[in-house]
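Structural overview
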Amino acid sequence: MNSQIETKIIVPPIKCQGIKTKLVPFIKEHVKRNPNGLWIEPFVGTGVVAFNMRPKHALLIDKNQYIIALYKDIQNKKITATIVREFLEYHGPKLLEKGKDYYLEIREQFNNNGEPLFFLFLNRSDFNGMIRFNRKGKFNVPFCQKPNRFAKAYITKICNQVERVAEVIADNDWRFENGSWKEAFQAAGEDDYIYLDPPYIGRDTSYVGEWPDEEAVALAEYSHQTAANVCLSMWKENEFRRNEHLFQYWSDFTWHEYNHFYHIGAKERNRHPMVELLAIKR
Ligand SMILES: C[S@@+](CC[C@H](N)C(=O)[O-])C[C@H]1O[C@@H](n2cnc3c(N)ncnc32)[C@H](O)[C@@H]1O
């Protein structure tokens, strides 16, 4: 494999708010791990960090059972790129014909059957690739309002993403688990590396369930106590405020900052700087 291909970022088939695709090179630059140790992600989300770190051994946990079910099915080959193509080529034209009503039909079906392919369909045709559930655990993100969402090129793009992550999973010894972050710490030893990307404190927490302050504080305590190395990914500050939790609980870790801009609208003056941080134990 030439180095250009090797350094190309692997983009997973799932999207979510807070996805770390843009931070992958920064994370790869700072995370120094024992290649024989276990790579542990208690908040794996889309998996973009794991797919690009490509550890041999990994324990990948998330509270969102649908993401975990999708990756488990890709791992055991119950879901392949061909199956995804068939599914999207069947439902895509119906979405084109019926628009929002069809999206809502699929959303209703998913809320009854919990099937990973339905989850993928919704995640790739909902508003901004958001993942959000109501208090009863029902997926409630609205439609992206593009009936032609699953045009041929878009289906191919998603299938290629499925194929790529399937290859990485097949090459390695990875375990996907649906559960809470605390379980991840039980498995951690001195040679292991825990990468943490929890829901953001003080910002939108509309992922699965809530992220109360007590959980955030407990996570900091577990991270200090574990024998494993730990890297926390978190926002540090923007022009309006700073993340006091970081200064209070993570100040003894080594901090590496990454500045990026996000846009609200197209105008240059609406570029807003945001500082993201990696806080690394050792
Ligand atoms: C910021 S996202 C992770 C994003 C991920 N690094 C990526 O780039 O795709 C946080 C994740 O934590 C999960 N989560 C929230 N609360 C959790 C908990 N108590 N235990 C485990 N996972 C949790 C959410 O389902 C979500 O996938």
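What you see is a predicted model; the values in this text were computed from it and never measured.

What counts, and where the lines are drawn
Residues numbered from 1 in each chain as written. Predicted model: local features only at pLDDT ≥ 70, side-chain atom pairs only at ≥ 80, totals over all residues. Heavy atoms only, no water. Helix = DSSP H or I, 4+ residues; strand = E, 2+ residues; numbered from the N terminus. Rg over C-alpha atoms; globule rule 2.2 N^0.38 Å. Buried < 20%, exposed > 50% of the residue type's maximum accessible area, 1.4 Å probe, protein only. Contact = heavy atoms within 4.5 Å. Areas by Shrake-Rupley, 256 points an atom, 1.4 Å probe, with all protein chains shown as cover. Lys, Arg positive; Asp, Glu negative; His and termini not counted. Charge placed at Lys NZ, Arg CZ, Asp CG, Glu CD. pLDDT = per-residue confidence, 0-100. Domains from an automatic or database assignment. Buried area = accessible area lost by both parts, 1.4 Å probe. Polar contact = N/O pair within 3.5 Å; in protein donor to acceptor, adjacent residues only side chain to side chain. Nonpolar A, V, L, I, M, F, W, Y, C, P; charged D, E, K, R; others polar. Phe/Tyr/Trp six-rings, centres within 6.5 Å; stacked < 30°, edge-to-face > 60°. Lys NZ or Arg CZ within 6 Å of the ring centre and 35° of its normal.

Side note on the overall build of the chain
Along the chain, the regular secondary structure elements total 11 helices and 7 strands. In summary, the chain has a C-alpha radius of gyration of 19 Å against a globular reference of 19 Å for 282 residues, a match within 12%. Seen along its three principal axes, the alpha-carbon backbone of the chain occupies a region of about 55 × 45 × 40 Å. Here the chain, with 282 residues, has 49% of them falling under the buried criterion. Considering only residue pairs separated by 6 or more positions, the chain has 69% of its internal contacts joining residues 24 or more positions apart. With the model as given, the accessible surface of the chain reaches about 14,100 Å², and the carbon-plus-sulfur share is 49%. Here the chain holds 39 positive side-chain charges and 36 negative ones, and the gap between their average locations is 5 Å.

Regarding the confidence of the model for the chain
The share of residues in the chain with pLDDT of 70 or more is 92%, and the mean pLDDT across the chain is 92. A low-confidence stretch, residues 1-5 stays under pLDDT 50, and its non-local contacts, those more than four residues away or across chains, total 1 contact.

Overview of the domain arrangement of the chain
Splitting the chain by domain gives domain 1 (3-63 + 179-280) and domain 2 (81-161). Summing both sides of the interface, domain 1 and domain 2 together bury roughly 940 Å²; the carbon and sulfur share of this comes to 56%. Ranking the residues of domain 1 by area buried against domain 2 places P13, I14 and K15 at the top, with a combined share of 48%. For the pair domain 1 and domain 2, the number of links is 3 residue pairs in polar contact (both at pLDDT 80 or more). Taken together, the residues of the side of domain 1 that touches domain 2 sort by class into 7 nonpolar, 2 polar and 2 charged.

What about the packing of aromatic side chains?
By the definition in use, this model includes 25 aromatic pairs. Summarising the aromatic geometry, the rings of W39 and Y195 are spaced 6.0 Å apart at their centres and angled 10° between planes, so their arrangement reads as stacked. Taken together, the residues W39 in strand β1 (residues 38-41) and Y195 in strand β4 (residues 193-196) connect sequence positions 156 residues apart. Take W39 and Y195: they sit in the same class, and that class is buried. Pairwise contacts between aromatic rings join F43, W181, F185, W211 and Y222 into one cluster. A cation sits over an aromatic face here: R242 above F247, 3.7 Å from the ring centre.

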